[in-house]
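Commentary on secondary and tertiary structure
Listed below, chain by chain, are the residues.
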Amino acid sequence: MNDSSGASAAHPAPVVLDVWCELQCPDCRDALADLRALRARYGDRVELRLRHFPLEKHKHAFAAAQAAEEAAEQGSAWPYVEAVLGRVEELDRKDGEAFLVEVARELGLDAEEFDTALIDGRHILIVDADQAEGKAIGVTGTPTYVIGGERLDGGKSQEGLRERIEEIADRLLAEQA
């Protein structure tokens, strides 16, 4: 007899880690190593969700958030985020939008579509909604992580954060087992 009810137990829903991020933020760049380590450790058991929190002090952050949404639309959110954050100084120095399109082209994404998306503002509502939600839950800087209802502020210090995220993720995963 084939019991399909066991299928859902074998594949519990992933634990969600919301990563409130800003693509012109050196602290977010520094957090990439932790995010890669978490991805390596948990694979698809933990879903890293990019959430946007562009800060006013960074003039290209809002455009970069929109560009990241276009990258997500094209199936490459995290590779794009990592590529932009890895060159955060260039985003500071260069024409922001041209740089964002250039990174898309280097990753083999549809650069013309990026250009159009930045002009027509098709992703602005997503960025605005993320920012509003972030403010509502007390996000003040980036990176900030939310997992299992707990907010962890990485903008002040990255120290010990990955370990704390792992503790919470392990607990949540154990509760599902």
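Scroll up a little and you will see the structure.
A brief structural summary. The shown structure was predicted, so the numbers you read here are calculated from the model rather than taken from an experiment.

Where helix α3 (residues 61–73) meets helix α7 (residues 111–120), the closest approach of the two axes is 10 Å, and the angle between their N-to-C directions is 135 degrees. Looking at the two axes, α3 sits oblique to α7. Two packed elements cross with a definite hand, and for α3 against α7 that hand is right-handed. For the pair α3 and α7, the contacting residues are Ala63, Gln66, Ala67, Glu70 and Ala71 in the first and Glu113, Phe114, Ala117 and Leu118 in the second.

We now examine the sheet that holds strand β2 (residues 46–52). Spatially, the 4 strands line up as an open sheet ordered β2-β1-β3-β4, and their pairing is mixed. Each end of this open sheet is capped by a strand with a single partner; those strands are β2 and β4 (150–153). Averaged over all pairs of adjacent strands, the angle between their axes in this sheet comes to 20 degrees, without regard to strand direction. Across 4 bridges, strand β1 (residues 15–21) lies against strand β3 (residues 144–147) in antiparallel orientation. When the sheet's bridge partners are listed, Leu17 is paired in β3 with Ile147.

With respect to the element layout, Glu47 can be found in strand β2. Placed 34 residues apart in sequence, Glu47 and Ala13 show a C-alpha to C-alpha distance of 9.2 Å. Apart from the residues lying within four places of it in its own chain, the contact partners of Glu47 are Pro14, Val15, Val16 and Leu17.

Below, the discussion takes up the pattern of salt bridges. Under the definition given, this model contains 21 salt bridges. Arg49 is the partner of Asp18 in a salt bridge, and the nearest nitrogen-oxygen pair spans 2.7 Å. Of this pair, Asp18 sits in strand β1 while Arg49 sits in strand β2, and the two are 31 residues apart along the sequence. Residue class for Asp18 comes out buried when judged on its relative accessible area of 8%.

Conventions we followed
Residue positions are given per chain, counted from 1 along the sequence in the order it is written. Two thresholds apply to this predicted model, a pLDDT of at least 70 for residue-level local features and 80 or more for giving and counting side-chain atom pairs, whereas whole-chain, interface and lining totals are computed over all residues. To get the side-chain values, all heavy atoms of the structure are used, and hydrogens and water are removed first. Structural elements are reduced to axes, namely lines fitted to C-alpha atoms, with helices fitted over the stretch in contact, and the angle between N-to-C directions of any two is expressed from 0 to 180 degrees. Each helix is a run of DSSP H or I of at least 4 residues and each strand a run of E of at least 2, with the numbering of both proceeding from the N terminus. Here roughly perpendicular refers to angles of 65 to 115 degrees, roughly parallel to angles under 35, roughly antiparallel to angles over 145, and oblique to all remaining angles. The hand of a helix crossing depends on one turn: near helix anticlockwise from the far one by less than a right angle means left-handed, and clockwise means right-handed. In what follows, a contact means two residues having at least one pair of non-hydrogen atoms within 4.5 Å. Pairing between strands is defined by DSSP: at least two bridges between the two strands are required. Between Lys or Arg on one side and Asp or Glu on the other, a salt bridge is scored when a side-chain nitrogen of the former is within 4 Å of a carboxyl oxygen of the latter. Categorising residues by exposure relies on relative accessible area from a 1.4 Å probe, with only protein chains included: less than 20% of the type maximum marks a residue as buried, more than 50% marks it as exposed, and the intermediate range marks it as partly exposed.

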